[in-house]
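Tertiary structure, described
Here is how the chains run, residue by residue.
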Amino acid sequence: MKKASSLTAALLLATAAPAAAQQTVSPEAGEPAATRPSARPQAERVVFRSMDEPRTELTGYLYVPVGERNGKAPAVVLMHGRAGAYSSLAKGVYDASTLTIRHRYWAEYWASRGYYALIIDSFGARGFPGGFAAGTYSQRPASVNEVTIRPLDAYGALRFLRSLDGVDGDRVGLMGWSNGGSAVLAAMADDKPGDMRRLGFRAAVSMYPGCGLQNRFRRGYRAYAPVEIFIGTADEEVSHDRCRTFAAGAGAGAPVGFSSFAGATHSFDDPGRRRQSVPANATATRTVRERLAQYFEQVLAPR
């Protein structure tokens, strides 16, 4: 019998263990009104434990749904990329006020549409709050591995959300960018123990991930719930074609969608001027915002 992976072992524990107890972003000029956050939610700093072996205590930033709610609300867990959750201008201050504009935009986006949104800081508790520069992949410690460790952070966040009275624990989605997008793909793989309809996420979005995933799924990838991948053809950090092949080779599990944007770069949805000044990025950003509003409304609907 093969030895269980750390991911599988930790998730087995999850089936038996009880649950553990700013600055605003201006919408892009010209953005369709239907895709703009209608209010400005504020982040609450929260702490919860990863499902990793040392049960790392992570910091998160929770955005509560805006407006009146009838019953419990759905939620989305957000996973940052290799540069971390915070702005490059944080200057050693790592809190809600220094979250990147992309993370704040999307958290506000979901909260303004009636979702709880939880940004995970996977790196801060492990000694790397400022993240990692491009081209440093081989130098990063195993404690932040996006295939074996960061998925456990996602499941820790899921358990935390399910402990909140206002969250509908059956309607939680997962979204990540770049390195966090890779963690999303690993988290959604159909290699998890237990009842996935009870334990897992309902659906996921992976934004321009690295799709090599350390060759863990070289014999084929199967997702236990729907996953959508979005990437540009001009991505300068990860391989567009490798992700296309990855999605095309997905097995007979839940659907793995693949959307390609001609000329769009890495981080194309960053609301900052530098990325949005590229026409292909601006077009891809508008399309993704519109599509994801519909996507999560459908896949996270009550059942």
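Below, the structure is looked at part by part. (Residues numbered from 1 in each chain as written. Predicted model: local features only at pLDDT ≥ 70, side-chain atom pairs only at ≥ 80, totals over all residues. Heavy atoms only, no water.)

Here we take up the layout of surface pockets. Over the atoms, a rolling probe the size of a water molecule traces out where space has been left empty. Space inside the largest pocket adds up to approximately 750 Å³. Contributions of two or more residues to the lining of the largest pocket are made by α2 (101–111) and α7 (273–276). Top element by residues in the lining of the largest pocket is α2. It accounts for four residues. Grouping the constituent residues of the lining of the largest pocket by class yields eight nonpolar, 14 polar and nine charged. Size it by volume and the second largest pocket reaches roughly 330 Å³. Around the second largest pocket, the lining comprises 21 residues; the ones closest to its centre are Y137, R140, G210, E237 and V238. Of all elements in the fold, only α4 (179–187) and α6 (240–248) reach the threshold of two or more residues within the lining of the second largest pocket. (1 Å grid on protein atoms, 1.4 Å probe; cavity = no way out; pocket = protein on both sides within 12 Å on 5 of 7 lines; lining within 4 Å. Points joined across faces, edges and corners; volume = space filled by probe spheres on them. Helix = DSSP H or I, 4+ residues; strand = E, 2+ residues; numbered from the N terminus. Nonpolar A, V, L, I, M, F, W, Y, C, P; charged D, E, K, R; others polar.)

What follows covers the environment of E146. Within the element layout of this structure, E146 appears in the loop between β4 (116–121) and α3 (150–162). Beyond its immediate chain neighbours, meaning those up to four positions away, E146 contacts Y137, P151, N179, S182, A183, A186 and Q214. (Contact = heavy atoms within 4.5 Å.)

Time to look at α3. The terminal C-alpha atoms of α3, which comprises 13 residues, lie 19 Å apart, in line with the 18 Å expected from a rise of 1.5 Å per residue. Taken across its 13 residues, α3 has twelve buried, putting it largely inside the fold. Those residues of α3 that sit buried are R150, P151, L152, D153, A154, Y155, G156, A157, L158, R159, F160 and L161. (Expected span 1.5 Å × (residues − 1). Buried < 20%, exposed > 50% of the residue type's maximum accessible area, 1.4 Å probe, protein only.)

As a further point, take the state of the cysteines. In total, this model carries one disulfide according to the counting rule given. A disulfide bridge connects C211 with C243, and the sulfur atoms are separated by 2.1 Å. Here the S-S torsion is close to 95 degrees, and the disulfide linking C211 with C243 is therefore right-handed. A residue pair is termed long-range when its members are at least 10 positions apart, and C211 in the loop between β6 (203–207) and β7 (227–232) and C243 in helix α6 qualify at 32 residues. Looking at C211, the relative accessible area reads 8%, which means it is buried. (Disulfide = S-S within 2.5 Å.)

Across the interface, α3 lies against α4 with an axial gap of 8 Å and an inter-helix angle of 75 degrees. The orientation of α3 relative to α4 falls into the category roughly perpendicular. Of α4, the residues touching α3 (which contributes R150, P151 and Y155) are N179, G180, A183, A186 and A187. Across the contact of α3 with α4, the residue classes tally to five nonpolar, two polar and one charged. (Axes fitted to C-alpha atoms, helices over the stretch in contact; angles between N-to-C directions. Parallel < 35°, antiparallel > 145°, perpendicular 65-115°, else oblique.)

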